[in-house]
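These are the residues of each chain, in order.
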Amino acid sequence: MRYNEPSPLEQMIISYRFDLPNPASIDTYLANDGYVAIKKVLGMTPEAIIDELKVSSLRGRGGAGFPTGMKWSFVPRNTGKPTYVICNSDESEPGTCKDRLLMENDPHQLIEGMLIAGWTIKSNKGYIFIRGEYRYLIDIVDRAIAEAYQRGYLGKNILGSGWDFDLYTHTGAGAYECGEESALLESLEGKRGIPRLKPPFPAVVGAFQSPTILNNCETYSAIPWIFRNGGAAYAALGTPKNGGTRLVCVSGHVNKPGVYELPMGFNLLRIVNEVCGGVRNGKKLKAIIPGGSSSPVLRADECDIPYDFDSLAKAKTMAGSGGVVVLDEDTDIVAVALRTIKFYAHESCGWCIPCREGTNWLKKILSRYHEGFGDESDIDLIAELANNMLGRTFCALGDAAAMPTAGFVAKFRNEFEDYLKKSPRFQPAPELAVV
Amino acid sequence: MTFSPELEARFAKLLNSYPPGRQRSAVVPMLLYAQDEIGCVTQELVEEVAHRCGVTALQVDEVIGYYSMLHRKPLGKYHVQICTNIACQAVGAEDLWAHACKNLQLGNKEVSPDGLISLEEVECIGACAWAPAIQINYDFHHQVTPEKFDRLMQALADRTYSARPS
């Protein structure tokens, strides 16, 4: 089911089955373009499949926005090792709640996307890594997988092609870090989810030391549409180099928060004002966190931009995982910065020192600041500490913690300064007379 | 150790799903599924999982501290998890958390004396657009006001709570 009313401005190409009765069943899927793309793809060569994906300009929906066709082209096909297809449904980025809907309402679309990836690299095994909190989704996806086996879309000799593909679910157990691809692979192998040194990238040495395609749930879900309608049609929906649509998760101070499927490049202010009915209680917009809590904040005056990977990168932030958090004029930015860094301090795996120590120190300094015991030098200290973490860790978690923190200070320095005026400044203990 | 037939079937399927010699992969799912049945991760469970996956007990032990959903001590029958991350924070999750602590007389990760309810402040649970959100065991509850929270807690105390996502 959907948890919010759809908007008339939506362009539904991967979420249009959500409103059908019994959307997760294979019969609903088959009656609505289901498993059409895989039949077509089984007659295509890997090169043709990858070229079509490149034409579609589909980019990874997990956060980094890496071109999917290019990612698949990196997988070597003659190593003699088995290959794997893995779906990242660990969705833990604060502000993001789209994969949940895709698996709940259309698990077969995801399975078909993974089948296409499997055929491309002639893999025989795939795993859907679902975060532990989403237990009910594991049941839904397991049921869908069982249905697909029954109808011959999974298992031996799929649709008479002579190709076998098995698909399984795998649960995480509560770790944000496992959304990072190499940490996810460690977790899949039954270890602590700490990131691996890259290169080699998972395309070359991934799961079980073998070449692996690893994409986000939403990325796989978009692939069947691309092969039914053509890469060019998909690319045409978005802006140059940012093909298609994406599920934008809008939360925070808006009248109609929800998950909406919008074409790439949809104006960010229009998302707030037209799709989501504006800022709630008639308040003014203060800021938007555009792509999950890892993305640097945008001030209200910077929000009139197209919502796609390149436009947001130009604005020195990122579209990330599509989690848009809208903050109104009454929001305490220091409190938001503190909550954000508390999250990263909690989730840092402890592997790299700049991240392990940096997030904790930022948490300590911001906690003190928030309590009212900050002083002027703290503002620069926070920014300096954050900037010293950037790029000095194995994975992106250190950056993900540093970038928004530095962003809050840079964009809302005045609010940090105002905090000093209203706060109970530190009073040194009175000197006692020596007697 | 023996588990329910359903869990044994799940374990058999799980161990079969990884490539030959890669049964260590089943460690985390096994611990989590078993914890749901027996309440927490005991030393006996650690050794059982190690035995079944063909790894040492230490290799199982080392992952437990890493994953926040694995617990060495029993939780309440109903584990109430309140998200206070930014999307929920924006719409009052911190007040909800304070309200919950006060009304339940529990702090973070504490269990009520009768073992019925445990409380935990958690990170983003993936219900940002329908915040503030909580999870009771694995069930999502969306747009939870303090009043709605009290009604849910009353239902837990009265044993009239039905586990369905809302």
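None of these values were measured; they are calculated from a predicted model. (Residues numbered from 1 in each chain as written. Chains lettered and ligands numbered in written order. Predicted model: local features only at pLDDT ≥ 70, side-chain atom pairs only at ≥ 80, totals over all residues. Heavy atoms only, no water.)

1. Some words on the pairing of strand β11 (residues 323–328) of chain A
Taken residue by residue, a regular strand's side chains alternate between the two faces of the sheet. Residue and element names in this part refer to chain A. By the criterion of burial, β11 is predominantly enclosed, with six of the six residues buried. Of the pairings in the sheet, the one linking strand β5 (residues 245–252) to β11 comprises four bridges and is parallel in character. Residue pairing across strands places valine 250 opposite valine 324, the latter belonging to β11. Note: strand β8 (residues 285–289) against β11, four bridges, orientation antiparallel. Bridge assignment links isoleucine 289 to a residue of β11, and that residue is valine 325. (Buried < 20%, exposed > 50% of the residue type's maximum accessible area, 1.4 Å probe, protein only. Helix = DSSP H or I, 4+ residues; strand = E, 2+ residues; numbered from the N terminus. Pairing = 2+ DSSP bridges.)

2. Observations regarding unusual backbone geometry
Residue lysine 198 of chain A is joined to proline 199 of chain A through a cis peptide bond whose omega torsion reads -5°. Locating proline 199 of chain A in the fold gives a position in the loop between α8 (181–188) and β4 (212–216). In the segment running from alanine 131 of chain B into proline 132 of chain B, the intervening peptide bond is cis, with an omega of -10°. Relative to the helices and strands, proline 132 of chain B is located in the loop between β3 (117–122) and β4 (134–136).

3. With respect to the nonpolar core
Of all hydrophobic cores here, the largest spans 121 residues; its most connected members are Trp72, Leu115 and Tyr220 of chain A together with Leu31 of chain B. With eight residues, the top contributor of residues to this core is helix α7 (residues 135–150) of chain A. Those residues within four positions of tryptophan 72 of chain A in sequence are excluded, and the remaining contacts are Ile49, Ile50, Leu53, Ile116, Ala117, Thr120, Ile213, Asn215, Tyr220 and Ile223 of chain A. Of all hydrophobic cores here, the second largest spans 38 residues; its members include Ala287, Ile289, Ile333 and Ile365 of chain A. (Core = buried A, V, L, I, M, F, W, Y, C linked by side-chain atoms within 4.5 Å. Contact = heavy atoms within 4.5 Å.)

4. Examining the sheet that holds strand β1 (residues 78–83) of chain B
Residues and elements named next belong to chain B. Pairing is mixed in the open sheet, where five strands are placed in the order β2-β3-β1-β4-β5. Each edge of the open sheet is held by one strand with a lone partner, namely β2 (110–111) and β5 (139–141). In the sheet, β2 pairs with β3 via two bridges, with the strands oriented antiparallel. Across the sheet, residue glutamate 110 finds its bridge partner in β3, namely leucine 119. Helix-sheet contacts for helix α6 (residues 93–104) involve β1, β3 and β4, and the interaxial angle to β3 is about 155°. (Axes fitted to C-alpha atoms, helices over the stretch in contact; angles between N-to-C directions.)

5. Quick notes on the interface of chain B and chain A
For an interface, size is often stated in terms of accessible area lost upon the parts coming together. Facing the 45 residues of chain B at the interface are 62 residues of chain A. At the boundary of chain B with chain A, total buried surface from both sides reaches about 4400 Å², with 58% on carbon and sulfur atoms. Interface area lost by chain B to chain A is led by Tyr66, Ile86 and Trp130 of chain B, which between them contribute 17%. Across the contact surface, chain B and chain A share 20 residue pairs in polar contact (both at pLDDT 80 or more). Contributing elements (two or more residues each) for the side of chain B that touches chain A: α1 (5–16), α2 (27–38), α4 (57–64), α5 (86–90) and β3 of chain B. It is α2 of chain B that contributes the most residues to the side of chain B that touches chain A, six residues altogether. (Buried area = accessible area lost by both parts, 1.4 Å probe. Polar contact = N/O pair within 3.5 Å; in protein donor to acceptor, adjacent residues only side chain to side chain.)

6. What to know about helix α13 (residues 333–347) of chain A
Residue and element names in this part refer to chain A. Spanning 15 residues, α13 covers 21 Å between terminal C-alpha atoms, matching the ideal 21 Å at 1.5 Å per step. Across the 15 residues of α13, 13 count as buried, placing the element largely inside the fold. Backbone nitrogen of valine 334 and a side-chain oxygen of the N-cap are separated by 3.1 Å at the start of α13; the cap is aspartate 332. (Expected span 1.5 Å × (residues − 1).)

7. Quick word on α1 of chain B
Residue and element names in this part refer to chain B. Its 12 residues give α1 an end-to-end C-alpha distance of 17 Å, which sits within 8% of 16 Å, the value for a rise of 1.5 Å per residue. Leu7, Phe11 and Leu14 are the residues of α1 that are buried. An end-on view of α1 places all buried positions within 65° of arc, on one side of the element. Those residues of α1 that are exposed and aimed more than 90 degrees away from the buried face are Pro5, Glu6, Lys13 and Asn16. Buried-residue contacts for α1 involve α2 and α3 (43–53). (Arc of directions from axis to C-beta.)

8. Focus on the pairing of β4 of chain A
Residues and elements named next belong to chain A. Of all five residues in β4, five are buried, a share of seventy percent or more. Judged by which residues are buried, β4 turns out to be covered on both faces: Thr212, Leu214 and Asn216 on one side and Ile213 and Asn215 on the other are all buried. Pairing between strand β1 (residues 84–89) and β4: five bridges, direction parallel. Paired with isoleucine 86 across the bridge in β4 is leucine 214.

9. Some words on the side chain of serine 89 of chain A
Relative to the assigned elements, serine 89 of chain A resides in strand β1. Those residues in contact with serine 89 of chain A that sit more than four places away from it in its chain are Asp99, Met103, Ile128, Phe129, Ile130, Arg131 and Cys217 of chain A.

10. Re the confidence of the model for chain B
Averaged over every residue, the pLDDT of chain B is 95; residues scoring 70 or more account for 98%. This complex was scored by the predictor with a pTM of 0.96 and an ipTM of 0.96. (pLDDT = per-residue confidence, 0-100.)

11. Some points on the packing of α3 of chain B against α4 of chain B
All names here are of chain B. Direction vectors running N to C along α3 and α4 enclose 120°, while the axes themselves pass 8 Å from each other. It follows from the interaxial angle that α3 and α4 lie oblique. Once α3 is placed against α4, the crossing between them reads as right-handed. The residues of α4 that touch α3, namely those facing Gln43, Val46, Glu47, Val49 and Ala50, are Ala57, Val60, Asp61 and Ile64. (Parallel < 35°, antiparallel > 145°, perpendicular 65-115°, else oblique. Left-handed = near helix turned anticlockwise from the far one by under 90°.)

12. Some points on the domain arrangement of chain B
Split into domains, chain B comes out as domain 1 (5–66) and domain 2 (78–157). Its C-alpha centre places domain 1 of chain B at a distance of 29 Å from the equivalent point of domain 2 of chain B. (Domains from an automatic or database assignment.)

13. What to know about the sheet that holds strand β6 (residues 258–263) of chain A
Residues and elements named next belong to chain A. Pairing in this open sheet of five strands is mixed, and the strands run β6-β5-β11-β8-β9 from one edge to the other. The open sheet terminates on both sides in strands that have one partner only, identified here as β6 and β9 (298–299). Inspection of the sheet shows β8 paired to β9 by two bridges, in the antiparallel sense. Bridge pairing links alanine 287 to arginine 299 in β9.

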